[in-house]
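Coordinate analysis (summary)
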Amino acid sequence: MRVESAVVLLEAVPRSASSIWTRAYLRLLLCGDTACVLLACVCVLGVRLMYGVYIPWAEFLLGLGLVLVWPLALMLGGAYHQRANGEGTEEFKAVFNGGVSLMAAVAIGAYATQTVIARSFVMAMLPLALLATLFFRYKMRKRLHRRRADGEYLRQVIAVGHRESILDLVMQFRRQPYHGMRVVGACLPPDRMDADLDGIEVLGTFNDVADVVERTRADAVAVLACPELDGAALRRLAWSLETDRTDLFVAPALMDVAGPRISIRPVAGMPLLHVEHPEFNGVRQFVKTVFDRLVAGAALLVLALPLLAIVVLIRLTSSGPALFHQTRVGRDGRPFRLVKFRTMVVDAERLKGALAESNEFDGVLFKMRNDPRITPVGAFLRRYSLDELPQLLNVARGEMSLVGPRPPLPEEVAQYRTDVRRRLVVKPGMTGLWQVSGRSDLTWDESVRLDLRYVENWSLILDLQILWKTWSVVTRGEGAY
């Protein structure tokens, strides 16, 4: 069981006693959204007045009406649902859908009633309000993530399952507090009540979940995959949580599959999960390849002078070539020559054997926080991932992708278990989920899990999200050594 498993929310109404911050946060979003559309209205009308355009009172009233209707349109789009805020793209999709729907309604309504309205409302004010609202929501999300990292705005969760699954859940919530959940207690099988859960108190068995929730005033229950809790048991658990309207999350045994690949379909009166196969060829893969090569080619042209400056800096500060070539394994196990800026001394590979006992990684990789082979300039390049920019050549040649699993060494691939070889069904990437989730701070199992998760759920939208997050991670130098 992994915490990234597809999660089904059976009940999503917050407990009244623990949703004070949620209601306050939603009120803040409402005020901010209204301020955004008001600012857009003032800007558009102000520009027209500045150019001497006569504005009748009817248009002022229409602008005021749109300001008042704007939050309603966003609400109908789902922008104020609790689940839409905090993570994922659902919040931004809801804002976008609500804003575009209002634009369409105004335009269609004016055409159908032959009402003459200023085009500036449809062509300028509402689009400007949409952009301002999206920016405001982005800044609010960053603020929420900071508060959650400080231990605030967290939902209290009771975890139900076996020890390994609960420990995995606890580790992920601690590593990624922006999810907004904190495990405050656990319910285990009756014969495992003495298990060590890394500081999480065992409060009862599977039969005590409702009582534990009542005692702890928890906001949610996370049921992790375990054979003891079948459909009938889950149904009874859901009934027992109805009184306090506690959220119930269920993680099925299906791992690392989420998003559009999963749908629930009723078959013979039973709700069944339908899982689409991942698409590794076809139109979507062609679009990804074209996107990768176009962006890589454009980036090489734009970064030509900075790349040349790095080459000169490396040559001036250490002996040896500026570029480092190494054999890596690509899609379907095909080897290719990866190119990077050299960040170590020339004979670094020969010195690696003597440092084997200093390996700080728990898998087949070799990592050291203070590797003596790294040059001073190399340390700076590694911190901000500048050493990986020449890999744009590999992307332009079609050997790599902008986003994908980490490109492994042949000796690493030789140690792969059957499941890990699944990483090789797509092209390796310059960045990936491993890059935006901790980089070198991740354990071997965590990095493998993230790569497999990407393989199972890749899409162009996911690639764009990862590229966006990569910029933030790289500029902060997180987990790089």
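Keep in mind that this is a model prediction, so the values were computed, not measured.

Next up on the list: the overall build of the protein chain. Along its length, the protein chain carries 15 helices and 12 strands. Scored against the burial criterion, the 481 residues of the protein chain give a buried share of 46%. Taking the intrachain contacts of the protein chain between residues at least 6 apart in sequence as the baseline, contacts between residues at least 24 apart amount to 72%. Counting only carbon and sulfur atoms, one obtains 62% of the accessible surface of the protein chain, whose full area is about 24900 Å².

The share of residues in the protein chain with pLDDT of 70 or more is 85%, and the mean pLDDT across the chain is 82. By mean pLDDT, strand S1 (residues 8–11) is the weakest element of the protein chain at 41, and helix H12 (residues 391–396) is the strongest at 96. Note on residues 1–18: pLDDT under 50 across the span, and 62 contacts to partners over four residues away in sequence or across chains.

This part is about the packing of helix H3 (residues 90–113) against helix H4 (residues 119–149). Following both chains from N to C, one finds H3 and H4 inclined at 165°, their axes separated by 10 Å at the closest point. Relative to H4, H3 is oriented roughly antiparallel. For the pair H3 and H4, the sense of crossing is right-handed. Contact residues: H3 offers Glu 91, Phe 92, Val 95, Phe 96, Gly 99, Val 100, Leu 102, Met 103, Val 106 and Ala 107, while H4 offers Val 122, Leu 126, Pro 127, Leu 130, Thr 133, Leu 134, Arg 137, Tyr 138 and Arg 141.

This brings us to helix H2 (residues 57–76). Since the α-helix packs 3.6 residues into each turn, any two residues three or four apart lie on the same face. End to end, H2 covers 29 Å across 20 residues, agreeing with the expected 28 Å (1.5 Å per residue, within 8%). Helix geometry: H2 is bent most strongly at Val 69, by close to 35°, with proline Pro 71 lying one to four residues after it. Taken together, the buried positions of H2 are Glu 59, Gly 63, Leu 66, Val 67, Trp 70, Pro 71, Ala 73 and Leu 74. The positive-phi residue at the C-terminal boundary of H2 is Gly 78, with phi of around 95°.

Here we come to the pattern of salt bridges. One pass over the structure, following the stated rule, counts 14 salt bridges. One salt bridge connects Arg 397 with Glu 399, and the closest N-O pair in it is separated by 3.2 Å. Assessed through its relative accessible area of 47%, Arg 397 is described here as partly exposed. The partly exposed category is assigned to Glu 399, whose relative accessible area is 25%.

Thresholds applied
- Residues numbered from 1 in each chain as written.
- Predicted model: local features only at pLDDT ≥ 70, side-chain atom pairs only at ≥ 80, totals over all residues.
- Heavy atoms only, no water.
- Helix = DSSP H or I, 4+ residues; strand = E, 2+ residues; numbered from the N terminus.
- Buried < 20%, exposed > 50% of the residue type's maximum accessible area, 1.4 Å probe, protein only.
- Contact = heavy atoms within 4.5 Å.
- Areas by Shrake-Rupley, 256 points an atom, 1.4 Å probe, with all protein chains shown as cover.
- pLDDT = per-residue confidence, 0-100.
- Axes fitted to C-alpha atoms, helices over the stretch in contact; angles between N-to-C directions.
- Parallel < 35°, antiparallel > 145°, perpendicular 65-115°, else oblique.
- Left-handed = near helix turned anticlockwise from the far one by under 90°.
- Expected span 1.5 Å × (residues − 1).
- Bend = angle between axes of the 7 residues up to and from the residue.
- Salt bridge = Lys/Arg side-chain N within 4 Å of Asp/Glu carboxyl O.

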